[in-house]
Amino acid sequence: MRIEVNGEARDIAATTLADALAELGWGGAKVATALNGAFVPATARAAQPLRDGDRIEVLAPMQGG
Amino acid sequence: MRDFYGVTLDSPLMLGTAQYPSPAVMEAAFRASGASVATVSLRRETGGGQAFWQIIKGLGLHVLPNTAGCYSAREAVTTARMAREVFETNWIKLEVIGHADTLQPDPFGLLEAAETLAAEGFQVFPYTTEDQVLAQRLVDAGCRVLMPWGAPIGSGLGLNNRYGLRMLRAAFPDIPMVVDAGLGLPSHAADAMEMGFDAVLLNTAVAQADDPVAMATAFGLAARAGRMAHGAGPMAPRDMAVPSTPVIGKAWL
């Protein structure tokens, strides 16, 4: 299916958020996730299904003031 | 030394982690400054995030994640929830921006987000103005720290409204307060601390200096000097001169 990841269209085979992160190379990374604008805790990713057209944000620690 | 949600800070300097010439300079600046708190953000992962986090963890400081760049309460609340998970802290520097040119807080969105986050157990550090009514609302919402601005973020103008800041300090003697944003020189930091603020938070003034490590050192010293001066009980200014050398005993020449 095709989803949007951090603003870019990506075709993925995974059907859950946890599997999508692993497929996209963020399996063990320190990241936080949101699905269609709502926070999804790490503990809920495995049970979070993805649908065509979903928008996910994968955020990491970054410099800030 | 004031208590920030149960944490006593060794140094009254909180320092941002953005805009340094290199990660090595950032790290050196932090160590030179003696800062007790490092502010960080969350952004889309593009590869540098994991390495950055290792550097920050290595500093061994308190980490204060921000919601920089959020223009609505909804965005800020979601960002705060994500930050709590990644940084494993209930601390959040809550920014809800109201205007792109001044980066001044949107007081309505700020209050809405603060209420939501405080109810979820966050320990909110709201980036606010010197407005006393808003400050009271934020305290009522559960904020036990206030962070009034000195001047617009990144402007380096210092304490733009000393009267307003002085009145705010006096109105909430029991609330720890951090002057956040707009500081350009160590003298601005010392000024804020001499006025009785509990800490200062800055970034650009250090990161964009020609020599960030030297400037970080200067800010650390100034913040500590200001705090010590406030604790020492400054003299009251007066308009007329008073001789400091004894008048009695002066020779009759």
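Fair warning: this is a prediction, and the values are worked out from it, not measured in the lab. (Residues numbered from 1 in each chain as written. Chains lettered and ligands numbered in written order. Predicted model: local features only at pLDDT ≥ 70, side-chain atom pairs only at ≥ 80, totals over all residues. Heavy atoms only, no water.)

**Considering the interface of chain A and chain B**
Logical step 1: Taken together, the contact between chain A and chain B spans 24 residues of the former and 27 residues of the latter.
Logical step 2: On the chain A side of the contact with chain B, Lys 30, Met 62 and Gly 65 of chain A bury the most area, a combined 30% of that side's loss.
Logical step 3: Remark: the boundary between chain A and chain B carries three salt bridges.
Logical step 4: For Arg 45 of chain A, the salt bridge identified is with Glu 85 of chain B, shortest N-O distance 3.4 Å.
Logical step 5: On inspection of chain A and its partner chain B, the count reaches 16 residue pairs in polar contact (both at pLDDT 80 or more).
Logical step 6: When contributions to the side of chain A that touches chain B are tallied by element, the ones reaching two or more residues are β3 (32-35), β4 (38-40) and β5 (55-63) of chain A.
Logical step 7: Looking at the side of chain A that touches chain B element by element, the count peaks at seven residues for β5 of chain A.
Logical step 8: Within the side of chain A that touches chain B, the residues separate by chemical class into 14 nonpolar, seven polar and three charged.
Logical step 9: Pairing geometry for β5 of chain A and strand β4 (residues 37-44) of chain B, over five bridges, is antiparallel. For Met 62 of chain A, the partnering residue across the bridge sits in β4 of chain B and is Ser 41 of chain B. (Contact = heavy atoms within 4.5 Å. Buried area = accessible area lost by both parts, 1.4 Å probe. Salt bridge = Lys/Arg side-chain N within 4 Å of Asp/Glu carboxyl O. Polar contact = N/O pair within 3.5 Å; in protein donor to acceptor, adjacent residues only side chain to side chain. Helix = DSSP H or I, 4+ residues; strand = E, 2+ residues; numbered from the N terminus. Nonpolar A, V, L, I, M, F, W, Y, C, P; charged D, E, K, R; others polar. Pairing = 2+ DSSP bridges.)

**Thoughts on the sheet that holds strand β8 (residues 147-148) of chain B**
Logical step 1: If you trace the three strands from one edge of the open sheet to the other, you get β6-β7-β8 (chain B), paired in parallel fashion. For this open sheet the edge positions go to β6 (91-94) and β8 of chain B, each flanked by a neighbour on one side alone.

**Quick notes on helix α9 (residues 212-232) of chain B**
Residues and elements named next belong to chain B.
Logical step 1: Given a rise of 1.5 Å per residue, 21 residues ought to cover 30 Å, and the 30 Å separating the end C-alpha atoms of α9 matches this to within 8%.
Logical step 2: Residues of α9 that are buried include every one of Pro 212, Ala 216, Phe 219, Gly 220, Ala 222, Ala 223 and Gly 226, and no others. The arc that holds every buried residue of α9, seen down its axis, measures 165°, which confines them to one face. Turned more than 90 degrees off the buried face of α9, the exposed positions are Leu 221, Met 228 and Ala 232.
Logical step 3: Looking at the buried side of α9, the elements it contacts are β3 (13-16), α1 (23-33), α7 (186-194), β10 (199-202) and α8 (204-207).
Logical step 4: Phi for Gly 233, located one or two positions after α9, is positive at around 75°. (Expected span 1.5 Å × (residues − 1). Buried < 20%, exposed > 50% of the residue type's maximum accessible area, 1.4 Å probe, protein only. Arc of directions from axis to C-beta.)

**A short note on the nonpolar core**
Logical step 1: Counting residues in each nonpolar core, the largest one holds 79 residues, and the members touching the most others are Phe 4, Met 14, Trp 91, Leu 94, Phe 125, Val 200 and Leu 202 of chain B.
Logical step 2: Considering every element that reaches this core, the biggest residue donor is helix α3 (residues 73-87) of chain B, with eight residues.
Logical step 3: Not counting residues up to four positions away in its chain, the partners in contact with Phe 125 of chain B are Phe 4, Tyr 5, Met 14, Leu 64, Trp 91, Ile 92, Lys 93, Leu 94, Val 145 and Met 147 of chain B.
Logical step 4: If you look at the next biggest cluster of nonpolar residues, it comprises 16 residues, including Val 5, Ala 20, Leu 50 and Val 58 of chain A. (Core = buried A, V, L, I, M, F, W, Y, C linked by side-chain atoms within 4.5 Å.)

**Some thoughts on the pattern of salt bridges**
Logical step 1: As enumerated under the stated definition, the model contains eleven salt bridges over all chains in all.
Logical step 2: Put simply, Arg 44 of chain B and Glu 57 of chain A hold a salt bridge, and the shortest N to O gap is 2.7 Å. Separated into two different chains, Arg 44 of chain B in strand β4 and Glu 57 of chain A in strand β5 make up a pair that spans both.
Logical step 3: By relative accessible area, Arg 44 of chain B is classed as partly exposed at 37%.
Logical step 4: Connected through shared salt-bridge partners, Arg 2, Arg 169 and Asp 198 of chain B make up one network.

**What about the packing of aromatic side chains?**
Residue and element names in this part refer to chain B.
Logical step 1: Enumeration over the complete set of coordinates arrives at four aromatic pairs over all chains.
Logical step 2: Here the aromatic rings of Tyr 5 and Phe 125 are separated by 5.4 Å at their centres, their planes lie at 50°, and the arrangement is tilted. Within this pair, whereas Tyr 5 is found in the loop between β1 (3-4) and β2 (7-8), its partner Phe 125 is found in strand β7 (residues 123-128), the two being separated by 120 residues in sequence.
Logical step 3: Take Phe 125: its relative accessible area is 0%, and that puts it in the buried class.
Logical step 4: Through a chain of ring-to-ring contacts, three or more aromatic side chains come together here, namely Phe 4, Tyr 5, Trp 91 and Phe 125.
Logical step 5: The positively charged end of Arg 84 is found above the aromatic ring belonging to Phe 122, 3.8 Å away from the centroid.
Logical step 6: Looking at Arg 169, its charged tip hangs above the ring of Phe 197, at a distance of 5.8 Å from the centre. (Phe/Tyr/Trp six-rings, centres within 6.5 Å; stacked < 30°, edge-to-face > 60°. Lys NZ or Arg CZ within 6 Å of the ring centre and 35° of its normal.)

**What to know about the environment of Asp 191 of chain B**
All names here are of chain B.
Logical step 1: Checked against the element boundaries, Asp 191 lands in helix α7.
Logical step 2: For the pair Asp 191 and Ala 171, spaced 20 residues apart in the sequence, the C-alpha separation amounts to 18 Å.
Logical step 3: Discounting residues that sit within four places of it in the chain, Asp 191 has contacts with Leu 159 and Arg 162.

**Remarks on α3 of chain B**
All names here are of chain B.
Logical step 1: A rise of 1.5 Å per residue sets the reference length of α3, with its 15 residues, at 21 Å; its end C-alpha atoms lie 20 Å apart and thus fit the reference within 8%.
Logical step 2: Taken together, the buried positions of α3 are occupied by Ala 73, Ala 76, Val 77, Thr 78, Thr 79, Ala 80, Met 82, Ala 83, Val 86 and Phe 87.
Logical step 3: Downstream of α3 by one or two residues, Glu 88 has phi in the positive range, about 55°.

**Overview of the pairing of β4 of chain B**
Consecutive side chains along a regular strand alternate between the two faces of the sheet.
Residues and elements named next belong to chain B.
Logical step 1: Among the eight residues in β4, six count as buried, and that is most of the element.
Logical step 2: Direction of pairing for β3 relative to β4: parallel, over a ladder of three bridges. Within β4, the residue paired with Gly 16 across the bridge is Thr 39.
Logical step 3: You can see the chain leave β3, run along α1 and come back into β4, and the turn it takes is right-handed.
Logical step 4: Note that β4 and strand β5 (residues 62-65) share four bridges and pair parallel. Across the sheet, Val 37 pairs through a bridge with His 62, a residue of β5.
Logical step 5: Read from β4 through helix α2 (residues 49-59) to β5, the crossover connection turns out right-handed. (Right-handed = clockwise from strand over helix to strand, strands pointing away.)

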